[in-house]
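Here is what each chain is made of, one letter per residue.
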Amino acid sequence: MSAWGDDSTTRDAAMGAGVLLLFAVVIGVARWEGDRPPRPPNLVVIVIDTLRADALSSYGHPEATSPELDALARRGVRFDDVLSNASWTRPSFASMLTSLSPRASGIRAERMHVLPEAFVTMPEVLDEAGYVTLGVTANPNINTTFQFDQGFDAYVDSGVRWRWMREEAQEGDLVHGEAPLMPAPEAFERALSLLETHASGEDPVYLQIDVMDVHERGDRRVIDERWWSSFEGHPDDTYLSAVRQVSAEIGAFIEALEARPELRGDTWYVITSDHGEGLRSHPHVRRGRDHGFHVYASQVEVPLIVYRPSRPIEGGRVVEAPVQLLDLMPTLLALARAEGPSVMEGRSLVPLMRGEAVDLPERRVVETWFRGAHAIGVYDDAWAYIEHRRPWDGTNPEELQARGRPMDGARTDRREAHPDVAAELDAHLEAWEEAHPAARPTRMGHAIPAHERAQLRALGYIE
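I will try to describe carefully the structure that is included in this document. (Residues numbered from 1 in each chain as written. Predicted model: local features only at pLDDT ≥ 70, side-chain atom pairs only at ≥ 80, totals over all residues. Heavy atoms only, no water.)

## Topic: the environment of Arg 390
Turning to step 1, where the next piece is worked out: Summarising the element assignment, Arg 390 is placed in the loop between strand 13 (383-388) and strand 14 (398-402).
Turning to step 2, where the next piece is worked out: Linking Arg 390 and His 374, residues 16 residues apart in sequence, is a C-alpha distance of 5.9 Å.
Turning to step 3, where the next piece is worked out: Those residues in contact with Arg 390 that sit more than four places away from it in its chain are Gly 372, Ala 373 and His 374.
Turning to step 4, where the next piece is worked out: A polar atom in the side chain of Arg 390 sits 3.4 Å from the backbone oxygen of Gly 372. (Helix = DSSP H or I, 4+ residues; strand = E, 2+ residues; numbered from the N terminus. Contact = heavy atoms within 4.5 Å. Polar contact = N/O pair within 3.5 Å; in protein donor to acceptor, adjacent residues only side chain to side chain.)

## Things to note about helix 8 (residues 237-258)
Turning to step 1, where the next piece is worked out: With 22 residues, helix 8 should reach 32 Å at 1.5 Å per residue; the first-to-last C-alpha distance of 32 Å fits that figure.
Turning to step 2, where the next piece is worked out: Burial within helix 8 is extensive, with 16 of its 22 residues counted as buried. (Expected span 1.5 Å × (residues − 1). Buried < 20%, exposed > 50% of the residue type's maximum accessible area, 1.4 Å probe, protein only.)

## Examining the packing of aromatic side chains
What characterises a pair of aromatic rings is the spacing of the ring centres plus the angle enclosed by the ring planes.
Turning to step 1, where the next piece is worked out: Summed over all chains, the structure comprises seven aromatic pairs.
Turning to step 2, where the next piece is worked out: With centroids separated by 5.1 Å and ring planes inclined at 45°, the aromatic side chains of Trp 88 and Phe 370 adopt a geometry described as tilted. Placement of the pair is Trp 88 in the loop between strand 2 (77-83) and helix 3 (89-98) and Phe 370 in strand 11 (residues 364-370), with a sequence separation of 282 residues.
Turning to step 3, where the next piece is worked out: A residue is classified by how much of its surface remains accessible, and Phe 370, at 5% relative accessible area, is buried.
Turning to step 4, where the next piece is worked out: Counting every residue linked through ring pairs, the aromatic cluster contains Trp 88, Phe 293, Phe 370 and Trp 392.
Turning to step 5, where the next piece is worked out: The ring of Tyr 59 carries Arg 78 above its face, with NZ or CZ at 4.6 Å from the centroid.
Turning to step 6, where the next piece is worked out: Positioned above the aromatic ring of Trp 392 is the side chain of Arg 286, whose terminal nitrogen or guanidinium carbon lies 4.4 Å from the ring centre. (Phe/Tyr/Trp six-rings, centres within 6.5 Å; stacked < 30°, edge-to-face > 60°. Lys NZ or Arg CZ within 6 Å of the ring centre and 35° of its normal.)

## Structural notes on the packing of helix 6 (residues 184-198) against helix 8
Turning to step 1, where the next piece is worked out: Contact pair helix 6 / helix 8: the axes reach a minimum separation of 10 Å and the direction vectors enclose 15°. As judged from the angle between their axes, helix 6 and helix 8 are roughly parallel. You can see that helix 6 and helix 8 cross each other, and the crossing is right-handed. Across the interface between the two elements, Ala 184, Pro 185, Phe 188, Ala 191, Leu 192 and Leu 195 of helix 6 pack against Val 246, Glu 249, Ile 250, Phe 253 and Leu 257 of helix 8. (Axes fitted to C-alpha atoms, helices over the stretch in contact; angles between N-to-C directions. Parallel < 35°, antiparallel > 145°, perpendicular 65-115°, else oblique. Left-handed = near helix turned anticlockwise from the far one by under 90°.)

## A few points about the sheet that holds strand 4 (residues 154-156)
Turning to step 1, where the next piece is worked out: The sheet built from eight strands is open, its strands ordered 4-3-7-1-8-9-2-10 with mixed pairing. A strand with exactly one partner marks an edge of an open sheet, and here the two such strands are strand 4 and strand 10 (317-324). Recorded for the sheet is a direction-independent mean angle of 15° between the axes of neighbouring strands.
Turning to step 2, where the next piece is worked out: One ladder, built from two bridges, connects strand 2 with strand 9 (residues 304-307); its direction is antiparallel. Bridge pairing in strand 9 links Val 77 to Val 306.
Turning to step 3, where the next piece is worked out: Strands in contact with helix 3 are strand 1 (42-48) and strand 7 (205-211); relative to strand 7, the strand with the most contacts, it is inclined by about 165°.
Turning to step 4, where the next piece is worked out: Where helix 10 (residues 328-336) meets the sheet, its contacts fall on strand 1, strand 7, strand 8 (267-272) and strand 10, and the angle it forms with strand 1 comes to roughly 160°. (Pairing = 2+ DSSP bridges.)

Dropping the structure here:
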């Protein structure tokens, strides 16, 4: 008696099933051999240096400051509550490119601290995943001398350096003041040239551009005459005119990119900023008009717009969930279907972009060390608890500021009126700092010693 029994019907059925199984396997193999995995999308990240969120019309500014960016938001995803993790460029970019808190990078001093080579950057991951990685910066703070070219196949530095950049100067560099920083049209032209030289259209592209027009709002060599008096009579005339210019230039640039053969296939565009600007929001706080010295809302609330021309969202989607620039790296790696390092602190925002839920931290920490200032704060949906670790005119050592209202240092401190809220956020910050000890800085020209690399690895900052 066979294993199938002596029933001919059973035997015939078994043979038929075997034939069908073999046929299915052959067909499956043929399909697998004939169909390649879908090509990852191109990723274009445009960082508008020094742009606070509320300067854009789509974020509530009453003037028509940014019609082109508003149009992208109406066809894409606009994140309504976005925090930069630092209020000046270099540590903020470090967080964007590593998904680690600013203190993990150890960047505290403009003149000497660089992005450590030990960290795994987003361009490095994308390069390993087969991307052509290209970058252009108009800001000398993230030039190659500060090691922000890690992972890029080609990276164009700002050709103009700050006056204090002596040893870091490259041959042929000009000095800021004697020459203007690269305007957005020139930065975008450089980007198009990189595409033409380094991208063939066969591999996906990661393109990152930092533009400085808003930062350089008072320089008529940067702001074109077409936009110079766009908001004449407004107290923030030059700032808003710069916003208007960069919005128009980004609109034109995206239109040009969409026609480029080097960007064959699907493309995601990400528009954001590394930090904001104080302007008139803190009139009684020393250096309140600037950035870097404080972590008030004007300096850390930034825009984030994601746009995909191939699949526009009619009317756009607004995400109200609290996010941060730490989330940028895991989000872009998810879009690229690339696996990032396990130590990333941020979360992928892709589900939010699809209208789904994501488990996000309710509280976000922001911090700055800048030219003698050190401030750290924790934000939730209603409050910002801020500690000024070094004395600063117009501030209290600890402050509780209401979100959505002016934050004018000691004058608007609500700590005495809401001691329980302040105590709870203070406890959260204390626990966060215990879990995130500050890394030692990496100085220019100095490799990280082996024992410090071991410490960073033990803390989970590197793998």
